[in-house]
Amino acid sequence: MNNTLLEKYLPKSKRVRMLILMAIDAAAICLASFLGLFVRFDMNTARIPAEYAQASEKYLPLYVAATIIIFLLFKMYATMWSVAGIREVLYIIAACATSSVIQITGMMFLEHKVPRSYYLISFAALTGMEIVIRLSYRIVEVLTNNRFIRKTGKHVMIIGAG
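Residues numbered from 1 in each chain as written. Predicted model: local features only at pLDDT ≥ 70, side-chain atom pairs only at ≥ 80, totals over all residues. Heavy atoms only, no water.

Moving on, we get to helix 4 (residues 86-109). The end-to-end C-alpha distance of helix 4 is 34 Å, a good match for the 34 Å that 24 residues give at a rise of 1.5 Å each. Among the residues making up helix 4, those that are buried are E88, V89, I92, A95, C96, S99, S100, Q103, G106 and M107. Contacts made by the buried residues of helix 4 are with helix 3 (50-73) and helix 5 (116-144). Count one or two residues on from helix 4 and you reach E111, which has phi positive near 60°. (Helix = DSSP H or I, 4+ residues; strand = E, 2+ residues; numbered from the N terminus. Expected span 1.5 Å × (residues − 1). Buried < 20%, exposed > 50% of the residue type's maximum accessible area, 1.4 Å probe, protein only. Contact = heavy atoms within 4.5 Å.)

Shown next as structure tokens:
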């Protein structure tokens, strides 16, 4: 069997891979939350009101935990991402949308005030990052051509198979 570039460096244990993916997701969730305010206030951290920054920071641990749980419920840690396609992208969008609805509800319930555009920007950032994270395996495979070109062996054409 021909090992790909990623297979050489990724841990063999499925549980360890899942934990690594959860840590990457947690970082993406934090970054999406920051981008929600950063983009809203013209990409200038000095213009972000302290009230909004504190509200986002206070809710962040709940947002990360809720989103990881939602991703678990959407089986985003059980999917074989090396064969991911449009269906999996739709699952990512649905999971991120669910997470955003929970975020809006939670922040309103806890009276953490942020601009309404924060939620949309945060959702878009999280969805984009999750799609790139989940499909990165396929992207790297295509870019390195390991998936389509074998380095060893002979090319064979089968004629009359049906």
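From this point, the narrative continues.
The phi dihedral of M43 is positive, around 55°, even though this residue is not glycine. For E111, which is not glycine, the phi dihedral falls at a positive 60°. Along the chain, E111 turns up in the loop between helix 4 and helix 5. Using a relative accessible area of 63% as the deciding quantity, one classes E111 as exposed.

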